[in-house]
Amino acid sequence: MAEDTIDLREVMHIIRKNLKLIIMITFLAVFITGIFSAFILPKQYEAYTQLIINKPSNQDQPLTYNDVMLNQKLVETYSIIAKSNTVLQQVIDNLKLDITLKELNEKITVSGEGETEIIRITAKDTDPQLAVNIANNVGEVFMSEVVRKMKIDNVQVIDPARIPEEPSSPNTKLNIAIAAVLGIMISLGIVFLKEYLDNTIKTPDDVQKYLGLPVLGSIPNITEQ
């Protein structure tokens, strides 16, 4: 138990002795990350539109639980249609975008909203207005494709895309927090590695600990007045 206490004291002593170095490395990591996130990394904006796809409106039968479950299972199919080359090419033509199908595909994410019949189409771009235009246009073209290919005529827009107020990335605060944690870990690693490689004798206790010899006496430091 005593050895554990001594080891802990040594660790705290090493940290206190190298506290300035630890603070400097951590501050440097936070500063560089903050500058990089705030001024160098391009800001990305996300805009999304929500659509609901359910039973065709020309059927008189009430909506059943099986109908809802079927529509939920079809969300993956709808996602594939929304990101199909047919839809994307039409969006490129409508908005006169100077990008490839692959580049547009990477800007778009299609997902289901939990266990519902609602799907969300999200578009990401450095231009917030363009992100809105892409999301809304993908939704419009997708609706026409679903009607044509799956014979479903009850597709509605619940919420059209709106201009985002703030960028979705980079998350400067999160990046700084991660940099602070990494800075502390790296600085502690450097400090303990330096102590491990340092085999010099500094105190009387080091003589007993590393050489196994008793200390007969010590000469104090003498400073000139």
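Cut-off values and rules
- Residues numbered from 1 in each chain as written.
- Predicted model: local features only at pLDDT ≥ 70, side-chain atom pairs only at ≥ 80, totals over all residues.
- Heavy atoms only, no water.
- Salt bridge = Lys/Arg side-chain N within 4 Å of Asp/Glu carboxyl O.
- Helix = DSSP H or I, 4+ residues; strand = E, 2+ residues; numbered from the N terminus.
- Buried < 20%, exposed > 50% of the residue type's maximum accessible area, 1.4 Å probe, protein only.
- Expected span 1.5 Å × (residues − 1).
- Arc of directions from axis to C-beta.
- Patch = residues over 30% accessible without salt bridge, like charges linked within 9 Å, V, L, I, M, F, W, Y side chains within 5 Å.
- Areas by Shrake-Rupley, 256 points an atom, 1.4 Å probe, with all protein chains shown as cover.
- Pairing = 2+ DSSP bridges.
- Axes fitted to C-alpha atoms, helices over the stretch in contact; angles between N-to-C directions.
- Contact = heavy atoms within 4.5 Å.
- Polar contact = N/O pair within 3.5 Å; in protein donor to acceptor, adjacent residues only side chain to side chain.
- Phe/Tyr/Trp six-rings, centres within 6.5 Å; stacked < 30°, edge-to-face > 60°.
- Lys NZ or Arg CZ within 6 Å of the ring centre and 35° of its normal.

A. Fine view of the pattern of salt bridges. With the rule as written, the count across this model stands at six salt bridges. We note a salt bridge from Glu195 to Lys17, for which the minimum N-O separation is 2.9 Å. With Glu195 in helix 8 (residues 172–197) and Lys17 in helix 1 (residues 2–17), this residue pair connects regions lying 178 residues apart in the sequence. A relative accessible area of 43% places Lys17 in the partly exposed class.

B. Region of the structure containing helix 2 (residues 19–40). Here helix 2 spans 30 Å end to end across 22 residues, near enough to the 32 Å set by a 1.5 Å rise per residue. For helix 2, the set of buried residues is Ile22, Ile25, Thr26, Gly34 and Ser37. Here the buried residues of helix 2 occupy an arc of 160° about the axis, which is enough to place them on one side. Exposed and oriented more than 90 degrees from the buried face of helix 2 are Lys20, Met24, Phe27, Phe39 and Ile40.

C. Local environment of a nonpolar patch on the surface. The grouping of Phe27, Leu28, Phe31, Ile32, Ile35, Phe36, Phe39, Ile40 and Leu41 at the surface amounts to a nonpolar patch, some 930 Å² of accessible area in total. With respect to the helices and strands, the residue Ile40 is situated in helix 2.

D. Quick look at the sheet that holds strand 1 (residues 45–53). Pairing within the open sheet is antiparallel, and its four strands lie in the order 2-3-1-4. Where the open sheet ends on each side, the last strands, each with one partner, are strand 2 (108–112) and strand 4 (155–159). With direction set aside, neighbouring strand axes in the sheet form an average angle of 25°. Note: strand 1 against strand 4, four bridges, orientation antiparallel. Counted as the bridge partner of Ile53 is Val155 from strand 4. Seen against the sheet, helix 7 (residues 128–150) touches strand 1, strand 2, strand 3 (118–125) and strand 4 and runs at an angle of roughly 20° to strand 1.

E. Representation of helix 7. Over its 23 residues, helix 7 extends 32 Å from the first C-alpha to the last, a length consistent with the 33 Å expected when each residue adds 1.5 Å. Its side-chain oxygen at 3.1 Å from the backbone nitrogen of Gln129, Asp127 defines the N-terminal cap of helix 7. A positive phi of about 55° marks Lys151, the residue just after helix 7.

F. Seen up close, the packing of aromatic side chains. One pass over the full model with this rule turns up two aromatic pairs. A centroid spacing of 6.1 Å and a plane angle of 20° characterise the contact between Phe27 and Phe31, whose relative ring orientation is stacked. Here Phe27 and its partner Phe31 are both found in helix 2, four residues apart, which amounts to about one turn of the helix. The ring of Tyr48 is capped by Arg120, whose NZ or CZ atom sits 3.8 Å from the centre of that ring.

G. The arrangement of the environment of Gln50 in detail. Locating Gln50 in the fold gives a position in strand 1. Apart from the residues within four sequence positions on either side, Gln50 is in contact with Glu113, Ile118, Ile119, Arg120, Gln156, Val157, Ile158 and Asp159.

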